[in-house]
Amino acid sequence: MPEGEEFVVTPYEVRGHIDYARLRELFGTQEVTSEILAKFHHLTGGDLHPLLTRGVYYSHRDLAALLDGFANGKPFFLYSGRGPSGPLHTSHLVPFDLCQWLQKRLGVPMYIQITDDEKFWARSGLTREESVRWGYENLLDILALGFDPKRTHVFFDSRSIAALYPLAIRVARKIPYSTVKAVFGFEPSTNIGLVFYTALQTVPCFWPSWAEGRSVPCLIPCGIDQDPHFRVTRDIAEGLGYPKPALLHGQMIPGLLGEAAMSTSGDRPDNALFLNDPPNAVDRKVRNAFTGGRATVEEQRRLGATPEVCSVWALWRTRFAESEEKFQEVTSGCRSGSLLCGECKSQVLERVHAFLKAHAEAREKVRDWAEGTVVTTAPKPL
Ligand code: TRP
């Protein structure tokens, strides 16, 4: 960990107790203020996504200018991605929820990158075949959130390489090894795939500008752990004649066992709610989940509990509270001690089961058009 800090946040490691205001300072990003929320409110005709109102998406780079540009007739596109290594869990959907909402409200194109190379390079024990296979499975889960088939484009790294490579070459030439070593903390033993990888994650930021032959701004909603990649991107953008991407950063969603992030790495499957978990596993995981509750019922009734540290509250906050009223009811009930953890878990479980069932049905319906979203050819010579 950096000297004096109690946490680490990089694309390849999230650890410790994250102080999000401090992280924004360390990364040098801006706060999502009420003025930013007002801009979204204005553009969407009075609608705001709960991930924005509840402060999950709390940090940004250059978002105000991008939204002002859009209001003045300068369109942008959305870009986010997923490095497949296994089934998705509920937190993986969070950036894509926000993207889907933005696409629907603003009618903007969405580019999704499935990096079926990244985790093969980054994680021991994952085979290439597994990474590719999970890439397809993950893509169905993402598209099932309700993306518009006509406005959604997918880069599947190994299959889309002919489309990506002409730009990747140019991007890679601009990035010195010393930069990636400093940004990602690479060691002499790091494989060279990972050293090159950040170039591939940069390419979609510039791709529509290249394809359309004019400057098309990019907005990337992503977990704040991905910011280091895009700091590199932003540094080289102008040198290549492309606009710097704007970013909207989400907090990490705590794992059910109380870890900083709902990570799937390691051997703690009960830390995450996977989209393909059977109902009895879902029940077990939520029942055993780490909460902000007190040691005894009596104490909790008297002193109340702490939603901010609770992994079950994080479920309500990020997806399962269907209205602001419900979210406030759960939050204040928790704080005051009137809502006990067992009851809170029963209520959230009802919603988790309903969601997983509806989601499993929705993902079957996207199968027939998913393939058509994969970009496999370059738009023109470069
Ligand atoms: N590196 C991301 C992951 O580990 C995947 C990814 C690729 C991504 N492009 C992105 C994430 C753009 C956010 C935005 O899952």
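Everything numeric in this text was worked out from a predicted model, so none of it was measured. (Residues numbered from 1 in each chain as written. Predicted model: local features only at pLDDT ≥ 70, side-chain atom pairs only at ≥ 80, totals over all residues. Heavy atoms only, no water.)

### Some remarks on the site of the ligand
1) Next: Neighbouring the ligand are 15 residues; Tyr 79, Gly 83, Glu 118, Lys 119 and Gln 226 lie closest to it.
2) Next: At 2.8 Å from an oxygen atom of the ligand is found a side-chain nitrogen or oxygen belonging to Lys 119.
3) Next: Bound to the protein, the ligand loses 94% of the 360 Å² it would expose on its own.
4) Next: Elements supplying a minimum of two residues to the shell around the ligand: β5 (77–82), α6 (118–122), α10 (192–212) and β8 (218–223).
5) Next: It is β5 that provides the largest number of residues to the shell around the ligand, a total of four residues. (Near = heavy atom within 4 Å. Polar contact = N/O pair within 3.5 Å; in protein donor to acceptor, adjacent residues only side chain to side chain. Areas by Shrake-Rupley, 256 points an atom, 1.4 Å probe, with all protein chains shown as cover. Helix = DSSP H or I, 4+ residues; strand = E, 2+ residues; numbered from the N terminus.)

### Digging into the domain arrangement of the chain
1) Next: Along its sequence, the chain is carved into domain 1 (7–256) and domain 2 (269–364).
2) Next: For domain 1 and domain 2, the distance between their C-alpha centroids amounts to 28 Å.
3) Next: Listed per partner, the contact involves 24 residues of domain 1 and 26 residues of domain 2.
4) Next: Contact with domain 2 buries surface across domain 1, with Arg 54, Thr 90 and Leu 256 losing the most and accounting together for 41% of the total.
5) Next: Across the contact surface, domain 1 and domain 2 share four salt bridges.
6) Next: The partner of Glu 324 in a salt bridge is Arg 54, and the shortest N-O contact between them spans 2.9 Å. (Domains from an automatic or database assignment. Contact = heavy atoms within 4.5 Å. Buried area = accessible area lost by both parts, 1.4 Å probe. Salt bridge = Lys/Arg side-chain N within 4 Å of Asp/Glu carboxyl O.)

### Quick notes on unusual backbone geometry
One can expect most non-glycine residues to show negative phi and most peptide bonds to be in trans.
1) Next: You will see that Asp 62, though not glycine, has its phi angle at about 60°, which is positive.
2) Next: By the secondary structure assignment, Asp 62 is in the loop between β4 (57–61) and α4 (63–71).
3) Next: Owing to a relative accessible area of 34%, Asp 62 belongs among the partly exposed residues under this scheme. (Buried < 20%, exposed > 50% of the residue type's maximum accessible area, 1.4 Å probe, protein only.)

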